[in-house]
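Residue-level listing of the chains:
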Amino acid sequence: MKAVSQTVNIHWRTVSRLFDAWEQVKTGDKYAALRIASGRGAKVKLLKVMDLLPELAQNHSRNLNPMLDSLEKEHGIKVCKSTLQTFLKEVGIQVETRPTVS
């Protein structure tokens, strides 16, 4: 456990939990036991300012870049554009994204 944890730079207890989760799955997809549970991640950060998001979307003409900038500067929340877009879709706030130019 120690060697594996040092190799992948995580705590040995995390490695132990992953092995335990893997062994508990009797049938089916063992890799599903290793995935991060739903409900974790950036959503927790964005829930704190969920009341402000419709206003931000309206003020910035539904452009995500100024919304991201505002969230980072005013609220200390840094998330990527796709995460914000997904979160807004999940909570039902409509935004229009402009295609990126390559």
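Everything quoted here is computed from the prediction, not taken from an experiment.

**Here's the deal with the overall build of the chain**
Inference 1: Looking only at helices and strands, the chain has six helices and zero strands in total.
Inference 2: Written out in order from the N terminus, the α and β elements of the chain read α-α-α-α-α-α.
Inference 3: For the chain, buried positions account for 21% of its 102 residues.
Inference 4: Long-range pairs, those at least 24 residues apart, make up 42% of the contacts in the chain between residues at least 6 apart in sequence.
Inference 5: A total accessible area of about 8,000 Å² is found for the chain, and carbon and sulfur atoms account for 52% of it.

**A short note on the pattern of salt bridges**
Inference 1: Applying the stated criterion across every chain yields a total of one salt bridge.
Inference 2: For Lys73, the salt bridge is made with Asp69, and the minimal N-O distance between the two is 3.3 Å. Of this pair, Lys73 and Asp69 both sit in helix 5 (residues 64–75), four residues apart, which is roughly one turn of that helix.
Inference 3: The exposure class of Lys73 is exposed, given its relative accessible area of 66%.

**Comments concerning a nonpolar patch on the surface**
Inference 1: Together, Val4, Val8, Ile10, Leu18, Tyr31 and Leu34 line one region of the surface with nonpolar side chains, adding up to about 520 Å² of accessible area.
Inference 2: The residue Tyr31 is located in the loop between helix 2 (12–24) and helix 3 (42–47) in this model.
Inference 3: The exposed category is assigned to Tyr31, whose relative accessible area is 56%.

**Comments concerning unusual backbone geometry**
Inference 1: Of note in this structure, Asn9 is not a glycine but carries a positive phi near 60°.
Inference 2: Of note, Asn9 is situated in the loop between helix 1 (2–8) and helix 2.

**So, the nonpolar core**
When a protein is soluble and globular, its nonpolar side chains tend to lie buried together.
Inference 1: Counting residues in hydrophobic clusters, the biggest one holds 15 residues, and the most contacted among them are Leu46, Leu53, Met67, Leu71, Val79, Leu84 and Leu88.
Inference 2: If you list the elements that add at least two residues to this core, you get helix 4 (53–59), helix 5 and helix 6 (81–91).
Inference 3: The dominant element in this core, judged by the number of residues it contributes, is helix 5, at four residues.

**Some thoughts on the environment of Leu71**
Inference 1: Looking at the secondary structure, you find Leu71 in helix 5.
Inference 2: Spatially, the C-alpha atoms of Leu71 and Leu52 are 9.6 Å apart, while their sequence positions differ by 19 residues.

Calculation notes
Residues numbered from 1 in each chain as written. Predicted model: local features only at pLDDT ≥ 70, side-chain atom pairs only at ≥ 80, totals over all residues. Heavy atoms only, no water. Helix = DSSP H or I, 4+ residues; strand = E, 2+ residues; numbered from the N terminus. Buried < 20%, exposed > 50% of the residue type's maximum accessible area, 1.4 Å probe, protein only. Contact = heavy atoms within 4.5 Å. Areas by Shrake-Rupley, 256 points an atom, 1.4 Å probe, with all protein chains shown as cover. Salt bridge = Lys/Arg side-chain N within 4 Å of Asp/Glu carboxyl O. Patch = residues over 30% accessible without salt bridge, like charges linked within 9 Å, V, L, I, M, F, W, Y side chains within 5 Å. Core = buried A, V, L, I, M, F, W, Y, C linked by side-chain atoms within 4.5 Å.

Scope: geometric values only; no functional claims are made or implied.
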